[in-house]
Amino acid sequence: MTADGRTARYAYLGPRGTFTEAALLTLPDAADAEHVPYSTVPAVLEALRAGEADTAVVALENSVEGSVPTTLDELATGEALQIVGEIHLPVSFALLVRPGTALDDIKTVASHPIAQPQCRRWLLENVPDAEWRAATSNAEAAQHVADGHYDAALAGSFAASRYGLSILAEDIHDVADAVTRFVVLHRPCTPPRPTGMDKTTVVAFLGEDHPGALLEILTEFSVRGINLTLIQSRPTGAGLGSYLFWMDFEGHVADARVREALMGLRRVCSDVRFLGSYARADRVRPDIRRGTHDTDFTKAAAWVDAIRTGNA
């Protein structure tokens, strides 16, 4: 429920039967909420921005294929939204077909573009003559198979019953233990309280491209003992050579070392977009180096104040 007594609305990449829906269903707060599917990631995010949804869940990163460019670009440059949580979902695919279909009958296989590379070797070995077709989601691929447009779909096995399909093969992957990272989004708000096992996400825009520009950004984290868990450059769209840097790092904006790093970034970059501080899905507690605890910053500030007032 929302603060005003309404049933909360959660937007996600649909249709029903996607891995995004499976991630959404792991959220305790979503148990009594209305789940609203949208056909694309931009549509999910626009629904949140427009107030059609209270929360959105979208895929951000896969352990095999890396980041999801559409999500990164939308969050980096679109109207501001804020990450309030993350979900790590183990991902394994099934080959879904209409009842009675055999491997030799398969000439087309549909899936989301992120799914196909994770199963490329398996497809080559088992359906070498099949052509791959892109869908906006794996569940949409399953729907297309049910409608007779394609012969098979790579999707979660849980999608089979939703679309009246049979599972011809399960546990399909080229790399075992693949995980997809999903983020939970709100409109801009106060960050969740720190847990001691947190992550912060920002997007930094270079003021100008010059030797050492990236080093200047990384130094703000290094000197404060902050570990980056992800850094990726993306074009800003303003022309060749214009880039932004998406960064995830350990810590919460409430931590002194993170506050100082953010202030440093703001000084050396043309702009910095804060995308959230939130609990890590893996619950890993950072190793805080000597000299970078909150008390260390407090004592250092008190020492400088004493010097300025002649009380050192």
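Provided above is the structure to which this section pertains.
Residues numbered from 1 in each chain as written. Predicted model: local features only at pLDDT ≥ 70, side-chain atom pairs only at ≥ 80, totals over all residues. Heavy atoms only, no water.

1. Remarks on the sheet that holds strand E8 (residues 131-134)
Step number 1: Spatial ordering of the open sheet is given by E8-E7-E9-E6-E10, a layout of five strands whose pairing is mixed. Since the sheet does not close on itself, it has two edges, and those belong to E8 and strand E10 (166-172), each with one partner. Neighbouring strand axes in the sheet, compared pairwise and without regard to direction, differ in orientation by 25° on average.
Step number 2: Two strands pair when backbone bridges link them, and strand E7 (residues 108-111) and E8 are joined in this way by four bridges, in the parallel orientation. Opposite valine 109, over in E8, you have tryptophan 132 as the bridge partner.
Step number 3: Its contacts with the sheet put helix H6 (residues 138-146) on strand E6 (93-97), E7 and strand E9 (152-155), and the angle it makes with E9 is roughly 160°. (Pairing = 2+ DSSP bridges. Helix = DSSP H or I, 4+ residues; strand = E, 2+ residues; numbered from the N terminus. Axes fitted to C-alpha atoms, helices over the stretch in contact; angles between N-to-C directions. Contact = heavy atoms within 4.5 Å.)

2. With respect to the layout of surface pockets
Step number 1: There is about 420 Å³ of room inside the largest pocket.
Step number 2: Residue lining of the largest pocket: 25 residues in total, with Leu13, Ala59, His112, Ile114 and Thr136 positioned closest to the centre.
Step number 3: Counting only elements with at least two residues in the lining of the largest pocket, the list comes to helix H1 (19-24), helix H2 (41-49), strand E3 (55-62), helix H3 (69-77), helix H4 (115-118) and strand E11 (179-186).
Step number 4: The leading source of residues in the lining of the largest pocket is E3, at three residues.
Step number 5: A class-by-class count of the residues in the lining of the largest pocket yields 13 nonpolar, 12 polar and no charged.
Step number 6: A volume near 310 Å³ is recorded for the second largest pocket.
Step number 7: Around the second largest pocket, the lining residues are Tyr10, Leu27, Pro28, Asp29, Asp54, Thr55, Val84, Gly85, Glu86, Val184, His186 and Pro192.
Step number 8: Secondary-structure elements contributing two or more residues to the lining of the second largest pocket are strand E5 (82-90) and E11.
Step number 9: When residues in the lining of the second largest pocket are grouped by element, the largest group, three residues, is from E5. (1 Å grid on protein atoms, 1.4 Å probe; cavity = no way out; pocket = protein on both sides within 12 Å on 5 of 7 lines; lining within 4 Å. Points joined across faces, edges and corners; volume = space filled by probe spheres on them. Nonpolar A, V, L, I, M, F, W, Y, C, P; charged D, E, K, R; others polar.)

3. Some remarks on the pairing of E7
Step number 1: Every second residue of E7 is oriented toward a common face, with Thr108 and Ala110 on one face and Val109 and Ser111 on the other, all of them buried.
Step number 2: Bridge count for E7 against E9 is two bridges, and the pairing is parallel. Bridge assignment links alanine 110 to a residue of E9, and that residue is alanine 153. (Buried < 20%, exposed > 50% of the residue type's maximum accessible area, 1.4 Å probe, protein only.)

4. Structural notes on the nonpolar core
Step number 1: The biggest cluster of nonpolar side chains holds 32 residues, and the ones touching the most others in it are Leu27, Phe93, Leu95, Val109, Leu154, Ile172 and Phe182.
Step number 2: Excluding residues within four positions of it along the chain, leucine 27 makes contact with Tyr10, Val57, Ile87 and Val184.
Step number 3: One finds Val41, Leu45, Phe205 and Trp246 within the second-largest nonpolar core, a separate group that totals 27 residues. (Core = buried A, V, L, I, M, F, W, Y, C linked by side-chain atoms within 4.5 Å.)

5. A few points about the pattern of salt bridges
Step number 1: If you walk through the whole model with that rule in mind, you get 19 salt bridges.
Step number 2: Across the pair aspartate 54 and arginine 6 runs a salt bridge whose closest N-O atoms are separated by 2.9 Å. With aspartate 54 in the loop between H2 and E3 and arginine 6 in the segment before strand E1 (9-13), this pair connects stretches of sequence that are 48 residues apart.
Step number 3: Taking the relative accessible area as the measure of exposure, aspartate 54 reaches 15% and is therefore buried.
Step number 4: On the accessibility criterion, arginine 6 (38% relative accessible area) is partly exposed.
Step number 5: Among the salt bridges present, the one from glutamate 86 reaches lysine 199, with a minimum N-O distance of 3.2 Å. A residue pair is termed long-range when its members are at least 10 positions apart, and glutamate 86 in strand E5 and lysine 199 in strand E12 (residues 198-206) qualify at 113 residues. (Salt bridge = Lys/Arg side-chain N within 4 Å of Asp/Glu carboxyl O.)

6. Description of a nonpolar patch on the surface
Step number 1: A contiguous nonpolar patch, built from Leu214, Leu218 and Ile231 and spanning about 210 Å² of accessible area, is present on the exposed surface.
Step number 2: Note on placement: isoleucine 231 falls in strand E13 (residues 228-235).
Step number 3: Residue classification places isoleucine 231 among the partly exposed residues on the basis of a relative accessible area of 38%. (Patch = residues over 30% accessible without salt bridge, like charges linked within 9 Å, V, L, I, M, F, W, Y side chains within 5 Å. Areas by Shrake-Rupley, 256 points an atom, 1.4 Å probe, with all protein chains shown as cover.)

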